[in-house]
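# Analysis of the macromolecular model
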Amino acid sequence: MPKGGPWLRLGALFIDFVFIGLASMILLLPLIWLDSYTYFDMRSVRLIDVLASVAAWGSFLLINGYWLAKDGQTVGKRLLGIYMVCYETNTVLPLGHVILRRYLPFWLLSLIPVLGGC
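For the structure given in this document, a descriptive report is provided here.

Calculation rules
- Residues numbered from 1 in each chain as written.
- Predicted model: local features only at pLDDT ≥ 70, side-chain atom pairs only at ≥ 80, totals over all residues.
- Heavy atoms only, no water.
- Core = buried A, V, L, I, M, F, W, Y, C linked by side-chain atoms within 4.5 Å.
- Buried < 20%, exposed > 50% of the residue type's maximum accessible area, 1.4 Å probe, protein only.
- Helix = DSSP H or I, 4+ residues; strand = E, 2+ residues; numbered from the N terminus.
- Contact = heavy atoms within 4.5 Å.
- Phe/Tyr/Trp six-rings, centres within 6.5 Å; stacked < 30°, edge-to-face > 60°.

## Digging into the nonpolar core
In terms of nonpolar packing, the biggest core is built from nine residues, these being Ile20, Trp57, Phe60, Leu68, Met84, Leu93, Val98, Ile99 and Tyr103. When contributions to this core are tallied by element, the ones reaching two or more residues are α2 (42-71) and α4 (95-110). Apart from the residues lying within four places of it in its own chain, the contact partners of methionine 84 are Leu68, Gly72, Lys77, Val92, Leu93, Val98, Arg102 and Tyr103.

## Concerning the packing of aromatic side chains
Overall, the coordinates contain two aromatic pairs when judged by the stated rule. When the centroid spacing of 6.0 Å and the interplanar angle of 20 degrees are considered together, the rings of tryptophan 57 and phenylalanine 60 count as stacked. Residue tryptophan 57 and its partner phenylalanine 60 are both found in helix α2; the two are separated by three residues, about one turn of the helix. Classification of tryptophan 57 by relative accessible area gives buried; the value is 17%. Among the residues examined, phenylalanine 60 registers a relative accessible area of 9% and is labelled buried. Summarising the aromatic geometry, the rings of phenylalanine 60 and tyrosine 103 are spaced 4.5 Å apart at their centres and angled 50 degrees between planes, so their arrangement reads as tilted. Pair noted here: phenylalanine 60 is in helix α2 and tyrosine 103 is in helix α4, with a separation of 43 residues, a long-range link. Taken together, the aromatic side chains of Trp57, Phe60 and Tyr103 make up a single cluster linked through ring pairs.

Don't take any of this as a statement about function, it's just geometry.
Now the structure itself:
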């Protein structure tokens, strides 16, 4: 199985961001509409930030969960023909391993400004 170079992986990541961003925007349209017609204090803004992050995570799992579990691919990786496999055995990594080791730490780090306050 050919390895994806850094530029190919970066391209796949960009494609994933576009898909996840569009799906998240669709999920968050009610909140965006509500925000434009009502006044929110800072606690509400933080809640919206957390909900946006959860919507992005949910969108990621809805869009990529099946392919990650089955083939070790996200939408971007699938379009570019690359996979996430175990380095030693060249087999698809279990979905739990992929989520816990590759995606969850970055998602949790992204929440630090939201949870930390001003």
